[in-house]
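Take a look at the letters that make up each chain.
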Amino acid sequence: MNPLSVAVIGAGPAGIYASDILSKSGLDVSIDLLERLPAPYGLVRYGVAPDHPRIKQIIVALYKILQRGDIRLIGNVEVGRDISVAELRQHYDAIVLATGADTDVTLDIPGIDAPESYGGADFVSWYDGHPDHPRTWDLSAKEVAVIGVGNVALDIARVLAKRPEDLMTTEIPANVAAGLVASPVTDVHVFGRRGPAQVRFTPLELRELGRQRDVDVTVDEEDFEYDAGSEEALRASNQQRQVVKALEGYAMQEPQDLTASRTIRIHLFEAPHEVLLDEGGHVRALRTERTRLNGDGSVSGTGVFRDWPCQAVYRAVGYAGSAVEGLPFDIERHVVPNEGGRVLGEDGAPLRGVYATGWIRRGPVGLIGSTKSDAQETIAHLVADAQAGLLHADDEAQPGHEAVMALLEQRGVPYTTWQGWELLDAYERRLGEDHGPVEVTGGGLRTRERVKVVSREAMTAISRGAGAPEDPAALIGEPDPQRVPDRVAHRLAR
């Protein structure tokens, strides 16, 4: 009998962990891991700020899984564009959707569609060198508003305020470094509508915020209020108590010690109400409404408004998943409807052989531990269905891997492989070495681990053994207009 043939869509942590668990399940199984980008690792490569090397160590664990060779990586293949879900279901006994969440939750306030109003996910994609996003970013604002009190908001604030030379030890692409060097920013305001007991920062990231050269972090002493719900939240979470302690430390600083040329100002109990525009339709301020606690940790507006001068607004109020053509999608929750990882059809019954894991299954909450738990439950259901004889592809279709590879070849899709990623990985590391030693804050020199190649065309050429382009500018290149997300194209058109 042929082994069970499974396609996993998405080579981020969710897809890689699901593939790993399935490979160790005891089933005789053949696994193809399809990824729409030429490189693996998903949001770990394209959603984590470049100055967070500890978080990026997750890549080491993911690398070891894929290096084994029992999971075949097929990169630069977009399901719904290069191959359809229907074709995958025809050739594979099961498919596992692990496409994550890569766009921003909307914020419904007046003025939010102004040209200088940005989704945080798009800015993260820019500074992380995502191949399908524009290579330039308008960094002309001196005062910036960031809406949201999670780690993405902190990443955005930190990258905007940080001295660009202090990013030169990271993998930051050359075009991003050049853009940040020209930035005149002096003040980055971070706004949260609730209080210190409700923010979603993690202690490590919040403490690191204040360790940047020539950047002060401030919190107003008036922003520390607690109700019964807040006190209960603090009793229940040591992590939240550490967050509050860090915020209090920023609030207790002496004014004479705040001498940096750039400042990150955290404002709590300020709900975004309206983005104010000048006569030309450009951002001039963010209007917020002061809030107060209701007793249970929630807040209500007080009717007291304040305008904060700024020339750009970034919203970091959550990530959202995107629909995959050919599969059901819950447009309210931005997930694929499922029960324990079994994807549900329009009639509410499980679709045979279709599963989901990670953020596209449960929404963008939780960290790596939650992702592993998701994968374990989803794969347990897949294994149970296989053992019950419920999984089988079209009896008349050529099975799995060989059929799909032949189809991609026939269509001229320039797919990449794990061996190709190792070529690209080695090339990016050489770029880091060739850059030479970089002086770090506090003295000493450090060699850059890598410099990212941004262009999809260059990434693909290097991965497929064609070598790097002769012109170094081609490593940055320009995105394929047909691949630029609609929301980004619309903003640029404005």
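Up top is the structure.
Overview of the structure. (Residues numbered from 1 in each chain as written. Predicted model: local features only at pLDDT ≥ 70, side-chain atom pairs only at ≥ 80, totals over all residues. Heavy atoms only, no water.)

Before going further, it helps to spend a moment on a negative patch on the surface. There is a patch of like negative charges on the surface, built from Asp-220, Glu-221, Glu-222 and Glu-225. In this fold, Asp-220 is placed in the loop between β9 (215-219) and α10 (228-236). (Patch = residues over 30% accessible without salt bridge, like charges linked within 9 Å, V, L, I, M, F, W, Y side chains within 5 Å. Areas by Shrake-Rupley, 256 points an atom, 1.4 Å probe, with all protein chains shown as cover. Salt bridge = Lys/Arg side-chain N within 4 Å of Asp/Glu carboxyl O. Lys, Arg positive; Asp, Glu negative; His and termini not counted. Charge placed at Lys NZ, Arg CZ, Asp CG, Glu CD. Helix = DSSP H or I, 4+ residues; strand = E, 2+ residues; numbered from the N terminus.)

Turning next to the pattern of salt bridges. This model, assessed by the stated rule, comprises 35 salt bridges. A salt bridge links Arg-36 to Asp-132; the nearest nitrogen and oxygen atoms lie 3.7 Å apart. Taken together, the residues Arg-36 in the loop between β2 (29-34) and α2 (43-46) and Asp-132 in the loop between α6 (120-127) and β7 (143-147) connect sequence positions 96 residues apart. One salt bridge connects Arg-290 with Asp-223, and the closest N-O pair in it is separated by 3.0 Å. Pair noted here: Arg-290 is in strand β12 (residues 283-293) and Asp-223 is in the loop between β9 and α10, with a separation of 67 residues, a long-range link.

According to the stated counting rule, one finds 12 aromatic pairs in the structure shown. A centroid spacing of 6.0 Å and a plane angle of 35° characterise the contact between Trp-126 and Trp-137, whose relative ring orientation is tilted. Taken together, the positions of Trp-126 in helix α6 and Trp-137 in the loop between α6 and β7 put the pair 11 residues apart, joining distant regions of the chain. Of the two residues, Trp-126 and Trp-137, neither departs from the other in class, the shared state being buried. (Phe/Tyr/Trp six-rings, centres within 6.5 Å; stacked < 30°, edge-to-face > 60°. Buried < 20%, exposed > 50% of the residue type's maximum accessible area, 1.4 Å probe, protein only.)

With that settled, consider the nonpolar core. Core analysis: the biggest nonpolar cluster contains 54 residues, and Phe-123, Leu-206, Leu-247, Ile-264, Ile-266 and Tyr-314 have the highest contact counts within it. Broken down by element, the residue count for this core peaks at seven residues, all from helix α7 (residues 151-161). With residues up to four places along the chain from it excluded, the contact list for Ile-264 reads Ala-157, Arg-158, Ala-161, Val-188, Val-190, Leu-209, Gln-212, Val-215, Asp-216, Val-217 and Thr-218. Of all hydrophobic cores here, the second largest spans 38 residues; its members include Tyr-17, Leu-33, Tyr-46 and Ile-71. (Core = buried A, V, L, I, M, F, W, Y, C linked by side-chain atoms within 4.5 Å. Contact = heavy atoms within 4.5 Å.)

As summarised here, the arrangement of the three strands in space is β11-β12-β13, forming an open sheet in which the pairing is antiparallel. Strands at the two margins of the open sheet, each flanked by one partner only, are β11 (270-277) and β13 (299-309). Within this sheet the neighbouring strands show an average axis-to-axis angle of 25°, counted without direction. Note: β12 against β13, eight bridges, orientation antiparallel. If you follow Thr-288 over to β13, its bridge partner there is Arg-306. (Pairing = 2+ DSSP bridges. Axes fitted to C-alpha atoms, helices over the stretch in contact; angles between N-to-C directions.)

Tracing the backbone shows Glu-221 in the loop between β9 and α10. The spacing of Glu-221 and Ala-177 is 44 residues in sequence and 35 Å in space, taken between C-alpha atoms.

With parallel pairing, six strands are arranged side by side in an open sheet as β6-β14-β7-β8-β10-β9. With one partner strand each, in any of the chains shown, β6 (117-119) and β9 form the two edges of the open sheet. Pairs of neighbouring strands in the sheet enclose a mean axial angle of 20°, with direction left out of account. Relative to strand β14 (residues 312-315), β7 runs parallel, the two being bridged by four bridges. Bridging across to β14, Ala-145 finds its partner in Val-313.

Here we take up the environment of Ile-83. One can find Ile-83 in the loop between β3 (71-74) and α5 (85-91). C-alpha of Ile-83 to C-alpha of Leu-408: the two residues are 325 residues apart in sequence and 7.8 Å apart in space. Aside from chain neighbours lying at most four places away, what touches Ile-83 is Leu-34, Val-77, Glu-78, Leu-88, Val-404, Leu-407 and Arg-411.

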